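Structure assessment
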Amino acid sequence: MTWLLGICTLWLLMVVVLPQRNFNVSPRKNLNVVPARNVNHRTGLKTDCLGSYMRLTVDKSLTFGNQVEFDAVNGSQMEPINPSLAAKCGFSIDSDPWGNYKVFASLLNCFAGNEDDTMFDIEMRVRVRGVKMEQDIFQVDKTCNYDQWAPREILCDRNYMEVSVNRLPGEITALRRRPKMAGGQRFDDQWTDTVSEAITSRYNIWRVVFFTPKQKAMVLEDALRTGYGLTTTRSRLVLRSGYDMPETYVENVNGVPMKIIRVTTYFKKQWSVTMLDTVAACPTGGLSFTDEMITWSFPRFNPLMGSPETTILEMFMGIDGKRIDSAQMTARGYILTIMDNQIVMKIPIGGPDGYYKSHVVSNQYHIRYIIEAMLELLWSEGGMDATRYKVLFPIRTPLMPRPPQFVDLTQTDQQMFDVFLGTFLYDVELVNITFSGGVLTVAEANVRGFNIQEQRFQNGSKAFRLQVPFSDVFVVKSQVDLLVTVYTLPLIYGFMILPENTPFSYTTSVDVTLQDVVLPAVGGSCDDEKFHITISFGSMGKTFNIMLGTRNLTPERSAEYGLEENATHISLAVPFLAADVAFELMYPSSLRARLDVLLWEPINTWTLSDFSLACNFPMTMTECFSNGSMSALAVKVESVPQLVPRQLTLRDPSCRPKFSNDRFAYFSFDANSCGTTRTFYDGIMTYANEITLGNGLPVNQQIKKGVPTSSPDPEYRVTMSCFYTLNDTQTIAFFTKPRESEPLPETGFGELQVVLRLAWDDSYNNYYVEEDYPVVQYLRSPLFFEVVLLQSTDPQIELVLENCWATLKQDRNSTPRWDLIVDGCVNLGDRYETVFHPVHPKAVLYPSHMKRFEIKMFTFVQNEVMLQDQIFVHCDAVLCDINQNDGICKRLCPSPIPLKTVKKVRRDTNVPFQRARLSSGKILLSSS
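Residues Phe-435 and Leu-466 are the most contacted members of the largest nonpolar core, which totals 86 residues. No other element matches the nine residues that strand S29 (residues 364-381) contributes to this core. Those residues within four positions of Leu-466 in sequence are excluded, and the remaining contacts are Phe-417, Asp-418, Val-419, Ile-433, Phe-435, Phe-450, Asn-451, Ile-452, Leu-491 and Tyr-493. In this structure, Ile-546, Leu-595, Leu-608 and Met-619 belong to the second largest nonpolar core, which totals 35 residues.

In structure tokens, the structure reads:
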């Protein structure tokens, strides 16, 4: 007789998009409960007899976060239940995300004690190993009674299919269990023969033949070694196979793919052989999904499994291997019907018997619904013996993309980002967040002052809320308009799915635009000599450039103007004769000057503040002397921008300036010369002259050589006058030797600046600034220095270098010392002589105010060894009157020098010269 077996379906993974819904999930609780060690008790353990199998449930309180292993008890031996043993011997193990385990064991498994196929003893051991490798052991002993065996029993579990039949030939023997002794103990040899004669072979099974559909024969031992389970009980033949065994194959039945295994078993006696045919067919498909419903279909009639005249006697639905009644099905929306040639089960997605689980696909967050359904059928074929068909069917819906929702809750008046990200399932943990400045764990972020909260909802889902102040350095600030700031918080959330520890991330950014920029402000005042400017930063900090007049403020001129800076503002003191000051008007005894200050943002070239300060500064423009001579100072004013002062003359065109530069022209002449007129009125004699361009043409026509422009500049004309009282006698006295009782003439004082600068090369066009020091220079490479008198417009002054030397330390008096210039001349004792460079009159306005010289790096030798260290260069400079004929002022070898450190030198009107002491910055010597 042929017996056909049904096998449970394989797990299927399909993809379908489902809408978002409320999820019923079971949050984790009491995850850190640890059982007593090495005791035989059942806290957290539960066993159930469910028909032809036993279910062991292990609570998460024993296992979460630990390694869990199961053993089958085989007499006095422990057999670890690995995947191959489980499929061969009738065990399946499953766990959920919370750490709950379920173990299903067939009553006909390899190690069960069997009493007349009605009473079954199943012993197992649970081993829980913690992170410290300490092991807890729990013993499980369950007796199940089951005497409702159908002639054919089919059990389809997750990893194996099992069929048993009760049509054994009468002469075949089987093993039975000895009864327990008092107190539950057994005899050491608990198994005995049911008949006195010896068994001719193991279970009297001679060989088995598999059909794939081609025939493949094996002896019993080979089949067992291959991984099949094949045995007999008192009245039944039991066959068990895993889904991936090589002798199985796939066939389509009523539109559902089925896994097939066909076996013929041969029982051999002395003079005869008995054959028993078995066939198993298992659906590996049949699932379909909508947004709301799971549909599970499988054939009502399988032509491989017997007669076409099939009558269904019983049909039950179950969850987790246990039947549920019709009232429970109705309450939960489950439907089990027969439609044409299929049995159809419908299960709503999101029901309480299943759960949702998080997954990650290509770093995108997905979820799926998981439920373990069961179908149990009892049918009869053509009035013959009945078949019980039980299928345990774990169902997993396709992965459903569920991008989290990012909500910006920021209130600008609180000056804090407030963002919400959710929702996620219970098994998602926020591990860290990547900000613009680095990665912080949740704990580190909260310690820093951020506020990260986990919010849980009644359905078990969760969300995360983050608060970050606008003022934090991790917030990126950008000014997109003159008064508008954009605050940007870039975020990368780092998540972990438990218990698999699967990472994924979510990247986002939130922007807040505020009109909160406080622009920098400029204010100022004047005294008799300088503009005093104050610049407050506002809310921007020092992120702007400063333009004085028409030039950006450089570090050199910042030092020249005494720039001082703190956390809130900058202050400057600009002399009214500085090059950045514009002259507006001239008066006989004062000069009206203006300083323009422009603050601008360099990236977008925004004008932040435009400030002008104009003041009158006392200044003698015309002087009248009692000897009948006059002097006058002409200034290039802003209203005549193309004026060249050296082209100015008095009324007599031959009377040109005694001195001029690009801003001033100085005239000195006798009152009876240069076209000066004289008038008398009421006892007053007046001398008058004027400064013009000589031929009276407008300025631009003078410069353009007679080519007029479309908008001619105004004429430039300065009138000067001296008034003398007629018939007035003045008495003066002088002494060849001053009397101690008489007051001496006062000495006038002024300030002159002399600087020593280091040039890039011998062109003397570029110089090292303070930020460039220390300067690294290679051996055998020259250094080009320049010493220059700044700001002075007096052509009667000449700068002379008295002495220059080099030291290894910044102290100018330290030793050793190498003389470079001695008494105004190069050091003749140095075999590498210092070289003076001439200053060409056409290159600078006052050549006498400047000296330049060159030294060679290999000059610095000590004990015949060239130094490879740092040096400092020092000089003493002397300011001489060109009419002085004594001492250093008339040596024949003067030369010019550049330098870094600024020193102010006082000029005393009653001494022939003054000395300035100068030192360079650090210069590092290098051989390569």
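So that's the structure; there's more coming.
Pairing is antiparallel across the open sheet formed by four strands, whose spatial order is S32-S33-S37-S36. Two strands close off the open sheet at either side, each with one partner strand: strand S32 (405-408) and strand S36 (451-456). Each strand of the sheet is rotated relative to its neighbour by a mean of 20°, with strand direction disregarded. Of the pairings in the sheet, the one linking S36 to strand S37 (residues 462-469) comprises six bridges and is antiparallel in character. Residue pairing across strands places Arg-456 opposite Lys-462, the latter belonging to S37.

Time to look at the pattern of salt bridges. For the structure on display, the rule yields 34 salt bridges. One salt bridge connects Arg-551 with Asp-580, and the closest N-O pair in it is separated by 2.8 Å. Note that Arg-551 is positioned in strand S44 (residues 551-552) and Asp-580 in the loop between strand S46 (569-575) and strand S47 (582-587), a separation of 29 residues in sequence. When its relative accessible area of 37% is taken as the criterion, Arg-551 is described as partly exposed. Its relative accessible area of 6% is what places Asp-580 among the buried residues. In this structure, the salt-bridge partner of Arg-717 is Glu-690, at a minimum N-O distance of 2.6 Å. With Arg-717 in the loop between helix H7 (699-703) and strand S56 (718-725) and Glu-690 in strand S55 (residues 684-691), the pair connects residues that are 27 residues apart, well separated along the chain. Look at Glu-690 and you get buried, because its relative accessible area is 16%.

Moving on: the state of the cysteines. One pass over the structure, following the stated rule, counts six disulfides. Between the sulfur atoms of Cys-49 and its disulfide mate Cys-144 the distance is 1.9 Å. In this structure, the disulfide formed by Cys-49 and Cys-144 twists by about -80° around the S-S bond and is classed as left-handed. Taken together, the residues span a long stretch of sequence, with Cys-49 in strand S2 (residues 45-50) and Cys-144 in strand S10 (residues 135-145) at a distance of 95 residues.

What you tend to see is this: most non-glycine residues have negative phi, and most peptide bonds are trans. Backbone torsion omega between Gly-422 and Thr-423 reads -5°, so that peptide bond is classified as cis. With an omega of 0°, the peptide bond running from Thr-815 to Pro-816 counts as cis. Mapped onto the elements of the fold, Pro-816 is located in the loop between strand S60 (797-807) and strand S61 (817-822). Its identity as a non-glycine residue notwithstanding, Asn-501 has a phi of 60°, on the positive side. Tracing the backbone shows Asn-501 in the loop between strand S39 (485-497) and strand S40 (502-514).

Mean pLDDT over the chain works out to 81, with 80% of the residues at or above the 70 mark. Scored below 50 in pLDDT, residues 729-750 shows 13 contacts in the model against residues more than four places distant or in partner chains. Within the model, pLDDT remains below 50 along residues 894-913, and this stretch shows 107 contacts once partners closer than five positions in the same chain are excluded.

Bringing the packing of aromatic side chains into the picture now. This model, assessed by the stated rule, comprises 32 aromatic pairs. Centroid distance Tyr-53 to Phe-104: 5.6 Å. Interplanar angle 65°. Geometry classified as edge-to-face. Of the two residues, Tyr-53 sits in strand S3 (residues 53-58) while Phe-104 sits in strand S7 (residues 101-106), which places them 51 residues apart along the sequence. Accessibility expressed as a relative area gives 1% for Phe-104, which makes it buried. Relative to Tyr-369, the ring of Tyr-356 has its centre 5.2 Å away and its plane inclined at 55°; by these criteria the two rings are tilted. Taken together, the residues Tyr-356 in strand S28 (residues 355-361) and Tyr-369 in strand S29 connect sequence positions 13 residues apart. Residue Tyr-356 is classed as buried on the basis of its relative accessible area, which comes to 0%. Following the ring pairs from residue to residue traces out a cluster consisting of Tyr-365, Phe-424, Phe-464, Tyr-493, Phe-495 and Phe-504. One residue, Arg-323, lies across the ring of Phe-316, its end atom 3.8 Å from the ring centre. Above the ring of Phe-474, the side-chain terminus of Arg-448 is found at 3.9 Å from the ring centroid.

Glancing now at the environment of Cys-49. Overall, the relative accessible area of 33% leaves Cys-49 in the partly exposed class. Taking the C-alpha atoms as reference points, Cys-49 and Thr-143, 94 residues apart in sequence, are found 8.2 Å from one another. Contact partners of Cys-49, with chain neighbours within four places excluded, come to Lys-142, Thr-143 and Cys-144.

Moving on, we get to a nonpolar patch on the surface. Nonpolar side chains collect at one region of the surface, where Trp-206, Val-273 and Met-275 lie side by side and expose about 280 Å² of accessible area between them. With respect to the helices, strands and loops of the structure, Val-273 is situated in strand S21 (residues 273-283).

Relative to strand S5 (residues 77-80), strand S4 (residues 67-74) runs antiparallel, the two being bridged by four bridges. Bridged to Val-73 within S5 is Met-78.

So, how was this worked out
Residues numbered from 1 in each chain as written. Predicted model: local features only at pLDDT ≥ 70, side-chain atom pairs only at ≥ 80, totals over all residues. Heavy atoms only, no water. Core = buried A, V, L, I, M, F, W, Y, C linked by side-chain atoms within 4.5 Å. Buried < 20%, exposed > 50% of the residue type's maximum accessible area, 1.4 Å probe, protein only. Helix = DSSP H or I, 4+ residues; strand = E, 2+ residues; numbered from the N terminus. Contact = heavy atoms within 4.5 Å. Pairing = 2+ DSSP bridges. Axes fitted to C-alpha atoms, helices over the stretch in contact; angles between N-to-C directions. Salt bridge = Lys/Arg side-chain N within 4 Å of Asp/Glu carboxyl O. Disulfide = S-S within 2.5 Å. pLDDT = per-residue confidence, 0-100. Phe/Tyr/Trp six-rings, centres within 6.5 Å; stacked < 30°, edge-to-face > 60°. Lys NZ or Arg CZ within 6 Å of the ring centre and 35° of its normal. Patch = residues over 30% accessible without salt bridge, like charges linked within 9 Å, V, L, I, M, F, W, Y side chains within 5 Å. Areas by Shrake-Rupley, 256 points an atom, 1.4 Å probe, with all protein chains shown as cover.

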